[in-house]
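Observations on chain architecture
Given next are the chains, with one letter for each unit.
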Amino acid sequence: MSKSPNHEQRLILASSSPRRQELIQGLGLPYIIRVSDADETVEGKITPSELVEVLSVRKASTVREMLEASEKHGIIVGSDTVVVLHNEVLGKPVDEEDSFRMLKGLQGTTHHVYSGVACIDAATGKQVVSHSVTNVKMKAMSDEQIRRYIATGEPKDKAGSYAIQGIGATIVEAIEGDYFTVVGLPLSLLSDLLLTFDIQVL
């Protein structure tokens, strides 16, 4: 028997990303936003899957520490996404030249997008974390096309310098895996993790 919705079932999204906020809204569960200012630097050499899981947990944990005692109910959701090309992790570009370097490297190739998801019970601290991977094939582009895309401003704050849900959709030739992993919040994986806390999306 499924639980009736109550305040214990609310989600607390640990993200300032408009894309993730839009996706969490689509689940139809009560939610609030708490922006995480977690440090995203990671020491030592770890795999991309470990990286997105570590940062997802860190984002959610940081928000849990920020909550007042009266706010500590619900499930905190943290997520992190990276683009990986030839074993190099591509984060957000530092400037337009960095964007150009990334997009030039991605064009005409297949790369991997990793998204981690962590869920932490705000009251008890119980946590689960996992990740998913999607392969993305990018079109071959001229330098001029890359510059025009950068000029739209879209690549500025995106891992790998593109947004598949924006105009960047026109430079993606094919994907293998979960589309929402590329957007930045794999909803199928999130719904599986929420079952750990007796929260059913469907």
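The structure displayed is predicted, hence computed values, not measured ones.

**Quick word on the UniProt feature "site: Important for substrate specificity" (unreviewed entry) in the protein**
Taking the numbering used here, the UniProt-annotated feature "site: Important for substrate specificity" (unreviewed entry) corresponds to Arg19, Thr81 and Gln165. What stands out for the annotated residues spanning 147 residues is how close their C-alpha atoms remain, the widest pair being 14.4 Å apart. Relative to the assigned elements, Arg19 resides in helix α1 (residues 18-25). Residues within four places of Arg19 in sequence aside, it is in contact with Asp157, Lys158, Gln165 and Val183. In this view, Gln165 contacts Arg19, Tyr179 and Val183; residues no more than four positions away in its chain are not counted.

**Here we look at the side chain of Ser79**
Take Ser79: it is sitting in strand β3 (residues 75-85). From its side chain, Ser79 meets the backbone oxygen of Gly116 in a polar contact 2.8 Å long. For Ser79, the residues in contact, after removing those within four places along its chain, are Arg20, Ser56, Lys59, Gly116, Val117, Gly184, Leu185 and Pro186.

Conventions used here
Residues numbered from 1 in each chain as written. Predicted model: local features only at pLDDT ≥ 70, side-chain atom pairs only at ≥ 80, totals over all residues. Heavy atoms only, no water. UniProt positions renumbered as here; feature names shortened; annotations may be inferred. Helix = DSSP H or I, 4+ residues; strand = E, 2+ residues; numbered from the N terminus. Contact = heavy atoms within 4.5 Å. Polar contact = N/O pair within 3.5 Å; in protein donor to acceptor, adjacent residues only side chain to side chain.

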